[in-house]
Amino acid sequence: MDQSTRRLTVAQALVRFLSAQYTERDGVRHRLIAGTWGIFGHGNVAGIGQALLEAGEQAMPFHQGRNEQAMVHAAVGYARQSGRLSAQAVTTSIGPGATNLVTGAALATINRLPVLLLPGDYFATRAADPLLQQLEHPVEADLSVNDTLRPVSRYFDRITRPEALVPSALAAMRVLADPAETGAVTLALPQDVQAEAYDWPEEFFAERVWRVRRPAPDPVELAEAARAIRGAERPLIVAGGGVHHSEAETALRELVDATGIPVASTQAGKGSLRHDHPADLGGIGHTGTAVSDDLARTADLVIGVGTRYTDFTTASTTLFRNPGVRFVNLNITAFDAHKLAARPLVADARAGLEALAEALAGHRVDAAYEAEYRLGKERWEQVVADAFRADDENAVPTQTQVLGALDGVVGDADVVINAAGSLPGDLHKLWRARSPRQYHLEYGYSCMGYEIPAGIGVQQAAPGTPVWSLVGDGTYLMMPTEIVTAVQESLPVNLVLIQNHGYASIGGLSQSVGGERFGTAYRYRAADGTFSGAPLPVDLAANAASLGMDVIRAKTVRELRDALAAARASDRPTCVYVETDPAPSAPPAQAWWDVPVAEVASREAAVDARTTYDGHAAERRRHL
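Residues numbered from 1 in each chain as written. Predicted model: local features only at pLDDT ≥ 70, side-chain atom pairs only at ≥ 80, totals over all residues. Heavy atoms only, no water.

Let us look at the side chain of N44. Mapping N44 onto the fold places it in the loop between strand 4 (33-38) and helix 2 (45-55). A polar atom in the side chain of N44 sits 2.9 Å from the backbone nitrogen of G41. Non-local contacts of N44, meaning those with residues more than four positions away in its chain, are made with I39, G49, T91, T92, S93 and Q194. (Helix = DSSP H or I, 4+ residues; strand = E, 2+ residues; numbered from the N terminus. Polar contact = N/O pair within 3.5 Å; in protein donor to acceptor, adjacent residues only side chain to side chain. Contact = heavy atoms within 4.5 Å.)

As structure tokens, then:
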């Protein structure tokens, strides 16, 4: 055994360690930590900052961000595009730089996507106390603002002594590379410890490979699942993000081709089957298609593959209405596999689907059932065509016509990114996903501001891939800062910026629950105190141009199509700015979503909304 040592600071040792970590799945190796995002302050500039400089770009590429939350979003976009096999680190100073990580960390952990967070922390030695930006707590002296990251991290440690880095760094890599455990991992680094030297064993810096396992299903669980599927008359597969994370799309298609079982997809699972596959029914749940939701209501067996079953998927537990409906859940985590009192099939999605295909050899659903869902699919495809069609090329486009114009421009390899507002619902119902990575919706946390930095992360993970970040004006105003990063890195992210003068999605929700669109419009305050005056004269296109983007303004459907084609052909970060017709243009929701309404109110809108709410709420059920 090599007993030699190397004297380095804690920060230098950590960077060197990270540069030698790899994942491997199916014989293909990837760098586990492919680069580090950073904004420097007094809490990390002389530690991690100096270590990154000393290591050099080849050992650890560095990316300069403008907002700490946005840096995490970029890293998450990178990890998702990389199939969770490669991740990025994010370093910040202490104080506000560190607490700005919390939203991004929550997003990563909720979506089960790996990111390594390296916030600076207060002096471990207490040589100076309190420090600039230190939160003092009268009865917990070891508390720092970094403790806000504990509940949103899958692993958290504070490195208060150099030698503590060794076990903690190894534990951090284990969690990042574990498909059942992954999410945000936080190593809080006191600024004095970062700069402290230690004699590190050379073995710590040896190349290490973390094998990403594909656990096979338990034979008894597999037999029970196969028996349930063979006995079902109206089975339905719900494909979640785990299909993509496992690269199980081919296995899913082969199972479906053999059995005829139809597939509906969650936001994270859309694209598991190509949109024109005869068994692909599109989205499911509150933002799902009519055919998916109609089949879900009558399904006697629901087969969840890599899904968490959020309230949008289950329509707040009102969707699966068949009195005898049962569930089989294929998931790599037992926590998710047991949801809805299901028969669990705890396994990797690809391994599980392949095993199911073998166990179901010769089985196929009734031809009448196939004919039923194929007819429903044809009817919904006409709904999509109607929503995308523009009869007047010189008219101001609706939001769904914007998606139709984009649909006519993108290729199979393009990636479309969105996270919040009214667009996720329109996309889930209408978008025609052509490839497994094309539909990139962050809807676990639905975080406004995700789209632009995530586009950067996707471009870093897949250079040369056309990337489209779709944002409304509300989301844009939350976080446009990483446009500067895209320009700096010469990453040709395409931004489709839709101006509709307010929080359109929440405005519609507010109206439906008796809130009368209160506080959702971007308008001047009127004499009566409400925000009902003229629209604010904010020029978001000019703002994007001032940050370095090429900007194309489109006023009509024809101009929009030309602008999108020009953006796709450009090798520069390009913004297509369009002001849309505010009239609703998307098909209505095909299933309910539970947003509680005031039980008592004096305003008529809320009273009426409560009556409607009580009717829907009565349909909720517990699946036991």
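The discussion continues.
Turning our eyes to something else, we now look at the pattern of salt bridges. All chains considered together, the criterion is met by 37 salt bridges. The partner of E381 in a salt bridge is K377, and the shortest N-O contact between them spans 3.4 Å. Taken together, the residues span about one helical turn, with E381 and K377 both in helix 15 (residues 367-388) at a distance of 4 residues. For E381, a relative accessible area of 37% puts it in the partly exposed group. One salt-bridge network, in which partners are shared between bridges, spans D26, R214, D348, R350 and E354. (Salt bridge = Lys/Arg side-chain N within 4 Å of Asp/Glu carboxyl O. Buried < 20%, exposed > 50% of the residue type's maximum accessible area, 1.4 Å probe, protein only.)

Either a parallel or an antiparallel arrangement is found when strands of a sheet pair, and the pairing is made through backbone hydrogen bonds. Spatially, the 6 strands line up as an open sheet ordered 5-4-6-7-9-8, and their pairing is parallel. The open sheet has two free edges, formed respectively by strand 5 (62-64) and strand 8 (155-158), since each of these has just one partner strand. Across this sheet, the average inter-strand angle for adjacent strands is 20 degrees, counted without regard to direction. Looking at chain direction, strand 6 (residues 87-92) and strand 7 (residues 115-121) are connected through 4 bridges and run parallel. Across the sheet, the residue bridging to V90 is L117, located in strand 7. Against the sheet, helix 5 (residues 101-110) makes contact with strand 6, strand 7 and strand 9 (184-190), and its axis sits at roughly 155 degrees relative to strand 7, the strand it touches most. (Pairing = 2+ DSSP bridges. Axes fitted to C-alpha atoms, helices over the stretch in contact; angles between N-to-C directions.)

With respect to burial, strand 9 is a largely interior element, 7 of its 7 residues being buried. Burial along strand 9 is two-sided: the residues A184, T186, A188 and P190 and V185, L187 and L189 are all buried. Where strand 7 meets strand 9, 5 bridges bridge the pair, whose relative direction is parallel. In the sheet register, V115 faces strand 9, and the bridge partner there is A184. Pairing between strand 8 and strand 9: 4 bridges, direction parallel. Bridged to R158 within strand 9 is A188. At this point the chain moves from strand 8, through helix 6 (residues 165-177), to the parallel strand 9, and the crossover so formed is right-handed. (Right-handed = clockwise from strand over helix to strand, strands pointing away.)

With that settled, consider unusual backbone geometry. Note: most residues except glycine have negative phi, and most peptide bonds are trans. Along the chain, D129 connects to P130 via a cis peptide bond; the corresponding omega equals 5 degrees. In this structure, P130 sits in the loop between strand 7 and strand 8. Despite not being glycine, A315 has its phi angle at roughly 50 degrees, a positive value. Here A315 is to be found in the loop between helix 12 (311-314) and strand 16 (326-331).

Taken in spatial order, the 3 strands line up as 3-2-11 in an open sheet, and their pairing is mixed. Where the open sheet ends on each side, the last strands, each with one partner, are strand 3 (28-31) and strand 11 (208-211). With strand direction ignored, the average angle separating the axes of adjacent strands in the sheet is 35 degrees. Sheet topology note: the strand 2 (residues 21-25)/strand 11 ladder contains 4 bridges and is parallel.

In total, this model carries 11 aromatic pairs according to the counting rule given. Taking 5.4 Å as the distance between ring centres and 20 degrees as the angle between the ring planes, the aromatic pair formed by F40 and F62 counts as stacked. On the criterion of sequence distance, the pair formed by F40 in the loop between strand 4 and helix 2 and F62 in strand 5 is long-range, its members being 22 residues apart. In this structure F40 comes out as partly exposed when scored by relative accessible area, which is 35%. Each ring, one from W592 and one from Y613, has its centre 5.6 Å from the other, and the planes form 55 degrees; the classification is tilted. One end of the pair, W592, is in the loop between strand 23 (574-579) and helix 24 (604-617); the other, Y613, is in helix 24, and 21 residues separate them in sequence. An aromatic cluster of at least three residues, connected via ring pairs, comprises F17, Y198, W200, F204 and F205. (Phe/Tyr/Trp six-rings, centres within 6.5 Å; stacked < 30°, edge-to-face > 60°.)

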